[in-house]
Amino acid sequence: MTPEIVLLGQVQKFHVKEMELSFTQGRWNYDRWGGFDPISSSNAKPPGVELWAVFDVPKDQVDACWKNLTHTLSGLFCASINFLESSTTYSAHEWGFHPSSGSLRYGTLPREAVCTENLTPWLKLLPCRDKAGLSALLDRPSIYRGFYHSQRLRLASSESHSSGVESGIVLEQALTVVLQPNSHRMSKTFLSETKLQPNWSLSSIFGRKVTGRCVLAKSSNVYLQLERGLVTELENLQKDNVITGPDHVGSGGLKDNPGFELSVRPDKVFKEVNSLHRKSSSVLYEYSIERYSAFEPFDLGLTWKFPVVWSCPRAPLHSSRFLMGSGNQRGTIAISFISTDLEEGFLGANIGEDSCKLQADIFQVVPWYIKVYYHTLRVFVDGQPQAIAKVVEKMHVSPSEDKVSPGVMELVLKFPCAVKSAVLTLEFDKGFLHIDEYPPDANQGFDIPSAVIIFPNFQTSMQYLEDNSSNKSPMLSKFQEKSPVLSYTEVLLVPLTTPDFSMPYNVITITCTVFALYFGSLLNVLRRRVGEEERILKNRASKKAGRLPQLLSRLSAKLRGKEWEPPQSPSASSSFISSKLILKVLIVAGAAVFWQYYSE
């Protein structure tokens, strides 16, 4: 049975209305790789495993369906997703993360290792797996050599999906990687170029070329996007006459820009039309793979003629999370926001008015052994303490319960648009775990999953000017979907008080030693007989005394005029040995009684 049939069958069996599963290695760098685009908001995930699902069942059956779903996904993807079955590792939400009406479950495993055992089942869900089409580029060493790797799987029933299909399940797969060109596979010009922006090609990044599309795919396209910041920089270079040549930004979208050179001419060029708040609009190149084959493979490459440096668009506020305090008893969780001056382009002249507000939603899950005191919430705006009611518009808190459920905090914050920095702090205590609840690497610390920061007033959709033939392009449709700007914070590592795990071994060792000495000596005494011991000693003495010593003793007795007597074992020695054995038994019995009393 194929993995597609198994997965879709289990989804229908457990009444999953919508589900998303991601495996991530590394952390997305929102400053360098962007935080205000559909890729960073939809495909950038927290480290480890993240799973959330919405069930179409009564509320009393949601937990049972969640447990069955985690076990099924764990077997299909060769991962530890079944650890999310316990109520201490997942949570139910009200409104902060996803509109669920009580039927959503969310869980993360920050320390889950991601490897090819997880990627192979994911590739088996593709129509041609990794044998043909664009998936043939997915060389395992090239992917896991990169800075970031995230594979995402999303399932949705047709009733809740925007595709318009009457019935069925929509499966969406996305693989997001951040790679660097391999200098050994590049030409000599790459080595001579500046390190600011290296030249690249598909063969230098993946080590492979595209030899055609999958026969089961309706369309197979490669898109190259020039971000807004890059387009702005190229326009500035043209205005400053640093690079000369025809300016086709208005009509062709930098199609013939002499700042860089493309190895393959694009089939179509799209320019963003909804970027009114930007100085420039992004440009999208489209390449169709249908006309390429094994005799003429597709190998897209870009060569820079001038060193160009630009910055990717970032979220309105750069968010980060860290720990404060010292010791193994108490601490503080701090969430920091730093303005990126992005809201100036959106809000214009109203940025300084008091009525202008910048909304940020926070969703955070804390394990039960981190006992957060939510009443200690403090807010600082531009270094000044603020009243909670002035900044927090809405708040939902579900305190943790020991060994039952984690703590959940959902906040809706309204900052002034002119805010430069803001900090939220929460105090917590560190709990104690039973020795059986510690993981094998407990001395490394315990993880607090990433917090989710959502900016609902900022949308990442991009509208490109396209003709009627490209209206059904899946990639352009994804760019046009309206979704809020979303980012994940760091995973916190909290050191807890850990016991000396060698003590059970020491106790077992000394107990076994005492019992071995006691029972060994006791059995030795009980099995030995007194008469038998005397006979053994007499036989030993008789064996030592031969005929010559007996003749000498008889001769000596005659000379002295005494009667000769045969040698016998002294009774004093036997009595001494018997008393010694009895004393040994008494000492061992007393030690055993003392140990029993001390242990109780």
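Keep in mind the model is a prediction, meaning the values are calculated, not measured. (Residues numbered from 1 in each chain as written. Predicted model: local features only at pLDDT ≥ 70, side-chain atom pairs only at ≥ 80, totals over all residues. Heavy atoms only, no water.)

K.L.:
Explanation requested: the sheet that holds strand β3 (residues 90-92) in the structure shown.
P.N.:
Each strand in a sheet pairs with its neighbour through backbone hydrogen bonds, running either in the same direction (parallel) or in the opposite one (antiparallel). Here 6 strands make up an open sheet; going across it, the order is β3-β4-β2-β1-β5-β6 and the pairing antiparallel. Sheet topology places β3 and β6 (169-178) at the edges, where each strand pairs with a single neighbour. With strand direction ignored, the average angle separating the axes of adjacent strands in the sheet is 10°. When strand β5 (residues 148-157) meets β6, the two strands line up antiparallel, connected through 10 bridges. Looking at the pairing, L153 lines up with Q173 of β6. This element, helix α1 (residues 3-13), spans β1 (16-25), β5 and β6 of the sheet and lies at about 55° to β5. This element, helix α3 (residues 62-77), spans β1, β2 (48-55), β3, β4 (104-109) and β5 of the sheet and lies at about 140° to β2. (Pairing = 2+ DSSP bridges. Helix = DSSP H or I, 4+ residues; strand = E, 2+ residues; numbered from the N terminus. Axes fitted to C-alpha atoms, helices over the stretch in contact; angles between N-to-C directions. Contact = heavy atoms within 4.5 Å.)

K.L.:
Would you mind showing me how to read the layout of surface pockets here?
P.N.:
When its volume is computed, the second largest pocket comes out at roughly 930 Å³. The wall of the second largest pocket is formed by 30 residues, among which F83, T89, T108, L109 and Y369 lie closest to the centre. Looking at the lining of the second largest pocket, the elements with two or more residues in it are β3, β4, β15 (357-366) and β21 (446-448). Ranked by residue count, the leading element in the lining of the second largest pocket is β4, at 4 residues. (1 Å grid on protein atoms, 1.4 Å probe; cavity = no way out; pocket = protein on both sides within 12 Å on 5 of 7 lines; lining within 4 Å. Points joined across faces, edges and corners; volume = space filled by probe spheres on them.)

K.L.:
I would appreciate a short explanation of the pairing of β4 in the present structure.
P.N.:
Each regular strand shows side chains that alternate between the opposite faces of the sheet. With respect to burial, β4 is a largely interior element, 6 of its 6 residues being buried. Residues L104, Y106 and T108 point to one face of β4 and R105, G107 and L109 to the other, with burial holding for every one of them. For β2 and β4, the ladder comprises 6 bridges, and the chain directions are antiparallel. Paired with L51 across the two strands is G107, which belongs to β4. Bridge analysis of β3 against β4 gives 3 bridges, and the strand direction is antiparallel. Each residue of the ladder has a partner; that of A92, found in β4, is R105. (Buried < 20%, exposed > 50% of the residue type's maximum accessible area, 1.4 Å probe, protein only.)

K.L.:
How should I be thinking about the side chain of T88 in this particular structure?
P.N.:
For T88, the location among the structural elements is in the loop between α3 and β3. At 3.0 Å, the side chain of T88 forms a polar contact with the side chain of S86. (Polar contact = N/O pair within 3.5 Å; in protein donor to acceptor, adjacent residues only side chain to side chain.)

K.L.:
Any chance you could explain the state of the cysteines here in plain terms?
P.N.:
Among covalent bonds in proteins, the disulfide is the one between the sulfur atoms of two cysteines. Across all of its chains, the model carries 2 disulfides by this definition. Across the disulfide from C128 sits C214; the S-S distance is 1.7 Å. One disulfide, between C128 and C214, carries an S-S torsion of 65° and so falls in the right-handed class. You can see C128 sitting in the loop between α4 (116-123) and α5 (140-144) and its partner C214 sitting in the loop between α7 (202-206) and β8 (221-226), a full 86 residues away along the chain. By relative accessible area, C214 is classed as buried at 8%. Disulfide partner of C356: C417, at an S-S distance of 1.9 Å. Residues C356 and C417 are joined through a disulfide that is left-handed, its torsion about the S-S bond being -85°. Of this pair, C356 sits in the loop between α9 (343-347) and β15 while C417 sits in the loop between β19 (407-416) and β20 (421-430); the two residues are 61 residues apart in sequence, bridging distant segments of the chain. (Disulfide = S-S within 2.5 Å.)

K.L.:
Where do I start with unusual backbone geometry in this structure?
P.N.:
For residues that are not glycine, phi is negative in most cases, and the peptide bond is trans in most cases. A positive phi angle, close to 55°, is found at C78, a residue other than glycine. Relative to the assigned elements, C78 resides in the loop between α3 and β3. Positioned with a positive phi, D382 is a non-glycine residue whose angle comes to about 55°. Mapping D382 onto the fold places it in the loop between β16 (370-381) and β17 (384-386).

K.L.:
Would you explain the UniProt feature "transmembrane region" (unreviewed entry) in the protein chain in this entry?
P.N.:
Residues annotated by UniProt as "transmembrane region" (unreviewed entry) correspond here to residues 505-526 and 581-598. Between the C-alpha atoms that bound residues 505-526 there is a distance of 31 Å. The span itself is 100% helix and 0% strand. (UniProt positions renumbered as here; feature names shortened; annotations may be inferred.)

K.L.:
Hey, could you run me through α4 in this one?
P.N.:
Side chains that are three or four residues apart share a direction in an α-helix, a result of its 3.6 residues per turn. Within α4, the full set of buried residues consists of N118, L119, P121, W122 and L123. Turning to α4, the residues buried within the fold contact β1, α3, α5, β5 and β6.

K.L.:
Hey, could you run me through the confidence of the model for the protein chain in this one?
P.N.:
Caution applies to low-pLDDT regions: their predicted coordinates should not be interpreted in detail. For the protein chain, the average pLDDT comes to 82, and 81% of its residues sit at 70 or higher. Counted against residues more than four places away or in other chains, residues 184-195, with its pLDDT under 50, gives 19 contacts. (pLDDT = per-residue confidence, 0-100.)

K.L.:
I'm lost on a nonpolar patch on the surface in this one. Help?
P.N.:
A cluster of nonpolar side chains, F515, F519 and L523, forms an exposed patch at the surface whose accessible area comes to about 290 Å². Structurally, L523 can be placed in helix α12 (residues 503-527). (Patch = residues over 30% accessible without salt bridge, like charges linked within 9 Å, V, L, I, M, F, W, Y side chains within 5 Å. Areas by Shrake-Rupley, 256 points an atom, 1.4 Å probe, with all protein chains shown as cover. Salt bridge = Lys/Arg side-chain N within 4 Å of Asp/Glu carboxyl O.)

K.L.:
Even after reading the chapter, I still don't get the sheet that holds strand β7 (residues 200-201), so can you show me in this structure?
P.N.:
Spatial strand order, β7-β12-β9: 3 strands in an open sheet with antiparallel pairing. Both outer strands of the open sheet, β7 and β9 (260-262), are each paired with one neighbouring strand and no more. Sheet analysis places β9 next to strand β12 (residues 301-304), joined by 3 bridges and oriented antiparallel. Within β12, the residue paired with L262 across the bridge is L302.

K.L.:
It is not clear to me how the environment of N199 should be interpreted in this structure. Could you clarify?
P.N.:
Position of N199 relative to the elements: it lies in the loop between α6 (188-192) and β7. Looking at N199, the relative accessible area reads 2%, which means it is buried. Sequence separation between N199 and T303 is 104 residues, and the spatial gap between their C-alpha atoms is 4.8 Å. At a separation of 2.8 Å, a polar atom in the side chain of N199 contacts the main-chain amide nitrogen of W304.

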